[in-house]
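# Fold and geometry: a report
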Amino acid sequence: AGDSYTVESSITFYGYTPEMAAGTPEDPEEPGTTPEEPGTTPEEPGTTPEEPGTTPGTPEEPATELPESSVNSIVNMVQNTAEGGTINVDMGAATVVPKEVLEAAQGRDVTIELRMDGYTWTINGKDIAAGSLTDINLAVTLNSNAIPSSTVQKLAGDNPTMQLSLAHNGDFGFRASLTINVGSEHAGKFGNLYYYDSDGRMVFMNAGSVNADGSVSLSFSHASDYVVVISDQEMSQADVPADLQ
């Protein structure tokens, strides 16, 4: 059995300083300038309020990064963890996983558990395959309702569902397991993960059994909008109605 480490108090404050949380203040207006000339409109012609592909009502949360001292401590711990070991990291309010941490684990049988606000990401270094890694925002919005309710109803029928949206856009460059809680009342059932693609189709990804405490772990390799369908039996792509295939 490998070693298991938990990041202790010097690092478990993981989160952010007030300055980081506040973000970058807007530049003040120069003295004497007027906010808006008469007859001008708030937006220039041709601009659109949202980028194509974004979902109204589910704006991305501002990314919060770990302090550099915490990043260095985690990297050091990863490098000094034996093969088969596990590192537990309390991310606090931070959601950005630094590339230095991913690079330190890449190719090694070392598991990193990243505990965030209401969910946990688990990454094994053997599953990090990208040739070029970058910082990645792994924020998750639970109960996002980004997928049309009519589509979810058609897929799930009378089965309970939970929608979730990931902040990152595109592939991760690695495979990771996301553990969320769907309710202990669903213990013994299955959580079935479906991806909502850009053409409005539902694509089955994988399934996991719901534990006694209501937690279920599902595998991800890219970010988008998803729905978890809770069912008595494990589902598959064959359970997707023809008009959603």
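Residues numbered from 1 in each chain as written. Predicted model: local features only at pLDDT ≥ 70, side-chain atom pairs only at ≥ 80, totals over all residues. Heavy atoms only, no water.

## Some remarks on the nonpolar core
Core analysis: the biggest nonpolar cluster contains 48 residues, and Trp121 and Phe220 have the highest contact counts within it. Broken down by secondary-structure element, the contributors of at least two residues to this core are α3 (68-79), β2 (86-90), α4 (99-105), β4 (111-115), β5 (120-124), β8 (161-181), β9 (190-196) and β11 (215-231). Broken down by element, this core gets its largest block of residues, nine residues, from β8. In this structure, Phe220 is in contact with Trp121, Leu164, Leu166, Phe172, Phe174, Arg175, Ala176, Leu178, Leu193 and Tyr226, ignoring residues within four places of it in sequence. (Core = buried A, V, L, I, M, F, W, Y, C linked by side-chain atoms within 4.5 Å. Buried < 20%, exposed > 50% of the residue type's maximum accessible area, 1.4 Å probe, protein only. Helix = DSSP H or I, 4+ residues; strand = E, 2+ residues; numbered from the N terminus. Contact = heavy atoms within 4.5 Å.)

## Some points on the pattern of salt bridges
For the coordinates displayed, the defined rule picks out six salt bridges. Between Lys154 and Asp243 there is a salt bridge, and its shortest N-O distance comes to 2.8 Å. In this pair, Lys154 sits in helix α5 (residues 149-156) while Asp243 sits in the segment after β11, placing the two residues 89 residues apart along the sequence. Look at Lys154 and you get partly exposed, because its relative accessible area is 44%. Across the salt bridge formed by Arg201 and Asp199, the nearest N and O atoms sit 3.3 Å from each other. A relative accessible area of 36% means that Arg201 is categorised as partly exposed. (Salt bridge = Lys/Arg side-chain N within 4 Å of Asp/Glu carboxyl O.)

## Re a negative patch on the surface
A surface patch of negative charge is lined by Glu65, Glu68, Glu100, Glu103 and Asp135. In this fold, Asp135 is placed in the loop between β5 and β6 (136-137). Here Asp135 falls in the partly exposed class, since its relative accessible area comes to 41%. (Patch = residues over 30% accessible without salt bridge, like charges linked within 9 Å, V, L, I, M, F, W, Y side chains within 5 Å. Areas by Shrake-Rupley, 256 points an atom, 1.4 Å probe, with all protein chains shown as cover. Lys, Arg positive; Asp, Glu negative; His and termini not counted. Charge placed at Lys NZ, Arg CZ, Asp CG, Glu CD.)

## Description of the packing of aromatic side chains
One pass over the structure, following the stated rule, counts six aromatic pairs. Aromatic pair Tyr194 and Phe204: ring centres 5.3 Å apart, planes at 65°, arrangement edge-to-face. You can see Tyr194 sitting in strand β9 and its partner Phe204 sitting in strand β10 (residues 202-209), a full 10 residues away along the chain. Each of the two residues, Tyr194 as well as Phe204, counts as buried. Through a chain of ring-to-ring contacts, the aromatic side chains of Trp121, Phe172, Phe174, Tyr195, Phe220 and Tyr226 assemble into a single cluster. (Phe/Tyr/Trp six-rings, centres within 6.5 Å; stacked < 30°, edge-to-face > 60°.)

## Focus on the environment of Val96
Mapped onto the elements, Val96 comes out in strand β3 (residues 96-97). A residue is classified by how much of its surface remains accessible, and Val96, at 7% relative accessible area, is buried. Among all residues touching Val96, those that are not within four sequence positions of it are Ala63, Thr64, Glu65, Met91, Asp135, Ile136 and Asn137.

## Notes on α5
Those residues of α5 lying buried are Thr151, Val152, Leu155 and Ala156. Buried residues of α5, seen end-on, are gathered within an arc of 115° and therefore sit on one face of the element. Of the exposed residues in α5, the ones pointing more than 90 degrees away from its buried face are Ser149 and Ser150. Here the buried face of α5 lies against β8, β9, β10 and β11. (Arc of directions from axis to C-beta.)

## What to know about the pairing of β8
Examined bridge by bridge, β5 and β8 share three bridges and lie antiparallel to one another. Pairing of Thr122 across the sheet is with Ser177, part of β8. Sheet topology places strand β7 (residues 140-142) next to β8; three bridges connect them, and they run antiparallel. Pairing of Leu142 across the sheet is with Leu164, part of β8. Pairing of β8 with β11 involves 13 bridges; the strand directions are antiparallel. Paired with Thr161 across the bridge in β11 is Val229. (Pairing = 2+ DSSP bridges.)

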